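So you can see what is in the structure, the chains are spelled out below.
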Protein chains: 2
Amino acid sequence: MRKAGTEITLKRLAILGSTGSIGTSTLSIVEQFPERYGVATLAAGRNVDVAFEQAVRWRPRVVSLATEELASQLAARLKVAGVNGIEVVFGAAGTVACSTHPEVDFVVSAIVGVAGLEATHAAILAGKPIGLANKECMVAAGEILTAAACEHKVPILPIDSEHNAVHQCLRVGAHSEVKFIWLTASGGPFRRLPLEQFASITPEQALKHPTWVMGRRITIDSASMLNKGLEIIEACRLFDVSASQVRVTVHPQSTVHSLVEYVDGSILAQISVTDMRLPILYALAYPERPSSNLTFDLAALSHLDFEQPDFERFPCLRLAYEAAEKGGAHCIALNAADEVAVEAFLDRRILFTGIPRTIEAVLAATPEAHPDTIAGVLAADREARETARSVIAAAALRVHA
Amino acid sequence: MRKAGTEITLKRLAILGSTGSIGTSTLSIVEQFPERYGVATLAAGRNVDVAFEQAVRWRPRVVSLATEELASQLAARLKVAGVNGIEVVFGAAGTVACSTHPEVDFVVSAIVGVAGLEATHAAILAGKPIGLANKECMVAAGEILTAAACEHKVPILPIDSEHNAVHQCLRVGAHSEVKFIWLTASGGPFRRLPLEQFASITPEQALKHPTWVMGRRITIDSASMLNKGLEIIEACRLFDVSASQVRVTVHPQSTVHSLVEYVDGSILAQISVTDMRLPILYALAYPERPSSNLTFDLAALSHLDFEQPDFERFPCLRLAYEAAEKGGAHCIALNAADEVAVEAFLDRRILFTGIPRTIEAVLAATPEAHPDTIAGVLAADREARETARSVIAAAALRVHA
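Residues numbered from 1 in each chain as written. Chains lettered and ligands numbered in written order. Predicted model: local features only at pLDDT ≥ 70, side-chain atom pairs only at ≥ 80, totals over all residues. Heavy atoms only, no water.

Some thoughts on the overall build of chain A
Rules: The helix and strand labels rest on DSSP assignments: H or I over at least four residues marks a helix, E over at least two residues marks a strand, and numbering proceeds from the N terminus. Using C-alpha atoms as the atom set, the radius of gyration is obtained and then compared with a globule rule of 2.2 Å times the number of residues to the power 0.38. A 1.4 Å probe rolled over the protein chains alone gives each residue an accessible area, and that area as a share of the maximum for its type sets the label: buried under 20%, exposed over 50%, partly exposed in between. The contact criterion used is simple: two residues touch if any of their non-hydrogen atoms lie within 4.5 Å. What sets the accessible areas is the Shrake-Rupley method with a 1.4 Å probe; for residues, cover comes only from the shown protein chains. Charge counting treats Lys and Arg as positive and Asp and Glu as negative, with His and both chain ends excluded. Here the site of a charge means atom NZ of a Lys, CZ of an Arg, CG of an Asp or CD of a Glu.
Across its full length, chain A holds 15 helices and 12 strands. Taken over the C-alpha trace, chain A has a radius of gyration of 21 Å; the compact-globule value for 401 residues is 21 Å, and the two agree within 12%. Over its C-alpha atoms, taken along the principal directions, chain A stretches across nearly 60 × 55 × 40 Å. Relative to its 401 residues, chain A shows a buried fraction of 59%. Within chain A, residue pairs in contact and separated by at least 24 positions form 71% of the contacts whose partners lie at least 6 positions apart. For chain A, the exposed area adds up to about 15,800 Å²; of that, 54% sits on carbon and sulfur atoms. A distance of 3 Å separates the average location of the 36 positive side-chain charges in chain A from that of its 44 negative side-chain charges.

Here it is in structure tokens:
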């Protein structure tokens, strides 16, 4: 806790995934708390327009884009605009340069998928505290990242709303006193859809999430509940608990963000608005809580509903528990196969029900292994993607045969 | 947190109010955790039979009863039963002897009303940690008790389920980061009763509480919501917040025991079974959480309802906020007037609606004062009771005139 009269130290951020939804929310927090947060580096992907605007507005030391060509475009536009002193880099090495820059005090890791993995790992090795919005990092390389974080005494603060809620609820007891972590799930748009209609779900239907506005993959993952599956694995790694200690309760209002049940019988729950700026602010400011306008109107609360998740409608949940039990390559395969399958579903190459089928086939083909390097994780990831593509191609052949 | 391999130290308890509902629940915790808790002293009231059984079972050093006559009866029965070595004492001095006995490590203060005040204060001065189930102590003498606790570095752990929940939720942030404390209220049996029927409520109806089985006064206080009013004042004193920071939300299931809203927008809630053994165990074991069988079945939870309290139906809430703002003698008067009024209601001398009317009249007749000694508090308490009795007698005269 900061003592009265103590100066607030400016935290300079690396924002990995700056043009995405978490990235822009992070920048809106920086805007709101200019005495607390500044921007040191920004890593974006292919959105040169937004990266240009952000660079002009925030004047970071370094900006990284996906390719050399995009980086050249950005550099040229900055020159035309008369903005000097910003280094423009690119690719995986560019993202690492952003995450490890000496002026960075805190890294917001929000690149979707395993693309953010190397930069997050490098940041931990460089001793930078992490705000983690990228759940795939923890799913694919959780043991490596947490071991490195432990060795380098680097805190990893979860930005996922559920894990952020768990992090808060875990402050009222000891680790050995935790009985269950209960992740809440909105249940997605198909919570009430009859099982037999799941095969005919269209990408348009699946992209409409009832409570959160998010990226495309995470929205589809919410509809299949694979997202909750990834969160189960993430919770195991972040909080050092077994898969059997992580449970899911469906809570359509997404008001209770998660709960922790202690061995004495007390359950702590965290409630707040469904706005990612709150967990971002929590992660940035921990252990402090700055005053914000992200107020939940408790006086207007009338009811909260809960129900048990349906493992028949949502086989991805079962697959995630299976992968969590096996760990290592199976968690990598779960995430990789899902990413490939979601892409295929959005391209209308497979049905919605083809997503769990693809994952199941890839998991079955995955040998038990526990890669202990980032290179090993990425190799297992590539292999699983290859297998997923074959599985999808074979299924398509069968459909057309 | 206790380290692995560390011995558990036996805590020897003074249980003030041992034959009441909190007292017997405390003894059932002692029974369940014999390696953690023992009984040093027991202070009871007029129930010689139960006090005798407890003395035989727990072999305390001292037992206190309300009067010399009752104490003699108990001593004689213990002699007949061949139970030696138990000192039997009586009255206010007897209760103090129990709470300050040198072998006492922890005092459970559970005597209803201001009768427990002197013994609780004496225990604090003797450096004994307190588990406080007696809310009247905090309402009548909160400033004195908390100042003494602060001076003697004595923790006061709340056993009231709401304040216990608040204590838990307060562990996830700093005091300066607390925006509101939200006390949940079951709303009592008359939450839906039309306003015009409140005058005809009988003692039998008011004694039926929907969720908690408790003593008679607290059950009537729940029906009038004066109980919640006392808790508002108790929260102000226990947690050093202003009355405007304490809010009430009606939650008929009594599943969420209370909530704390932080300035960043996060709200923490505590959920558990409606069983007083849980807050008792929490207070006894704090900061540890021993494993218990007091499990709340979160998987079976279907919904939680919340609504705003109705200040028209429950004028006692408004009166409590008024007393909380003025503090001192007004808080003493609120509690004293209510105790007298509830007795009169149970004796059918006044109507249910006469309870808030009596309190309002007593508050109006109370001068602003802030007694700074226990004797001053007790004098103000006696004076308010006198006034309450006059108010009730005058009302009866008017009815019969």
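The structure having been displayed, the exposition proceeds.
Examining the interface of chain A and chain B
Definition in use: Two parts placed together each lose some accessible area under a 1.4 Å probe, and adding up what both lose gives the buried area. Salt bridges are identified by distance alone: a Lys or Arg side-chain nitrogen within 4 Å of an Asp or Glu carboxyl oxygen. As used in this structure description, the phrase polar contact means that two N or O atoms lie within 3.5 Å; if the pair is within protein, one of them must be able to donate a hydrogen and the other to accept it, and residues adjacent in sequence are counted only when both atoms belong to side chains. Each residue gets one label: Ala, Val, Leu, Ile, Met, Phe, Trp, Tyr, Cys and Pro are nonpolar, Asp, Glu, Lys and Arg are charged, and the others, such as Gly, are polar.
Tallying the contact residues gives 45 residues for chain A and 45 residues for chain B. Of the roughly 3,700 Å² buried between chain A and chain B on both sides combined, carbon and sulfur atoms contribute 54%. Looking only at chain A, the three residues that lose the most surface to chain B are Asp264, Arg289 and Leu298 of chain A, adding up to 20% of its buried area. Here Asp264 of chain B makes a salt bridge to Arg289 of chain A, at a shortest N to O gap of 2.9 Å. The interface formed by chain A and chain B holds 24 residue pairs in polar contact (both at pLDDT 80 or more) in total. When contributions to the side of chain A that touches chain B are tallied by element, the ones reaching two or more residues are helix H7 (161–169), strand E8 (178–185), strand E10 (256–262), strand E11 (267–271), helix H11 (277–285) and strand E12 (303–305) of chain A. Examining the composition of the side of chain A that touches chain B, we find that 5 residues originate from one element, E11 of chain A, more than from any other. Classifying every residue of the side of chain A that touches chain B by side-chain character gives 24 nonpolar, 12 polar and 9 charged.

Quick look at unusual backbone geometry
Residue and element names in this part refer to chain A. Residue Pro287 is bonded to the preceding Tyr286 through a cis peptide linkage, with omega at 5°. Mapping Pro287 onto the fold places it in the loop between H11 and E12. The phi torsion at Asp240 lies on the positive side, around 55°, for a residue other than glycine. Judged by its relative accessible area of 58%, Asp240 is exposed.

As for the side chain of Glu177 of chain B
By secondary structure assignment, the location of Glu177 of chain B is in the loop between helix H7 (161–169) and strand E8 (178–185). Despite its burial, Glu177 of chain B remains without a salt bridge, the nearest opposite charge being carried by Arg289 of chain A at 4.4 Å. In terms of polar contacts, Glu177 of chain B uses its side chain to reach the backbone amide nitrogen of Arg289 of chain A, at 3.0 Å. Not counting chain neighbours up to four residues away, the residues in contact with Glu177 of chain B comprise Pro287, Glu288 and Arg289 of chain A together with Glu261, Tyr262 and Val263 of chain B.

Things to note about the pattern of salt bridges
Residue and element names in this part refer to chain A. Under the defined criterion, the tally for this structure stands at 52 salt bridges over all chains. Residue Arg192 is joined to Glu307 by a salt bridge in which the shortest nitrogen-to-oxygen separation is 3.2 Å. You can see Arg192 sitting in the loop between E8 and helix H8 (203–206) and its partner Glu307 sitting in the loop between E12 and helix H12 (315–326), a full 115 residues away along the chain. Judged by relative accessible area, Arg192 falls into the exposed class, the value being 57%.

With respect to the sheet that holds E8 of chain A
Cut-off, in case you're wondering: Strand pairing requires that DSSP identify at least two bridges connecting the strands. For helices, the fitted axis covers only the stretch in contact; all axes are lines through C-alpha atoms, and the angles between them, taken along N-to-C directions, range from 0 to 180 degrees.
Across the sheet, which stays open at both edges, the 8 strands sit in the order E9(A)-E8(A)-E10(A)-E11(A)-E11(B)-E10(B)-E8(B)-E9(B) with mixed pairing between neighbours. Unpaired on one side and paired on the other, strand E9 (246–250) of chain A together with strand E9 (246–250) of chain B mark the two borders of the sheet. Direction aside, neighbouring strands of the sheet carry axes that sit 25° apart on average. Pairing between strand E10 (residues 256–262) of chain B and strand E11 (residues 267–271) of chain B: 5 bridges, direction antiparallel. The residue of E11 of chain B that forms the bridge with Leu259 of chain B is Ala269 of chain B.

Side note on the domain arrangement of chain A
All names here are of chain A. Cut-off, in case you're wondering: For the domain bounds, the source is a domain assignment made automatically or taken from a database.
Under the domain assignment, chain A is made up of domain 1 (11–158), domain 2 (160–325) and domain 3 (328–401). Contact with domain 2, which involves 26 residues of that partner, is made by 19 residues of domain 3. Approximately 1,900 Å² of surface area, both sides summed, lies buried where domain 2 meets domain 3, with 72% of it carried by carbon and sulfur atoms. Taken as a group, Pro203, Arg217 and Leu319 account for 29% of the area that domain 2 buries against domain 3, more than any other trio of residues on that side.

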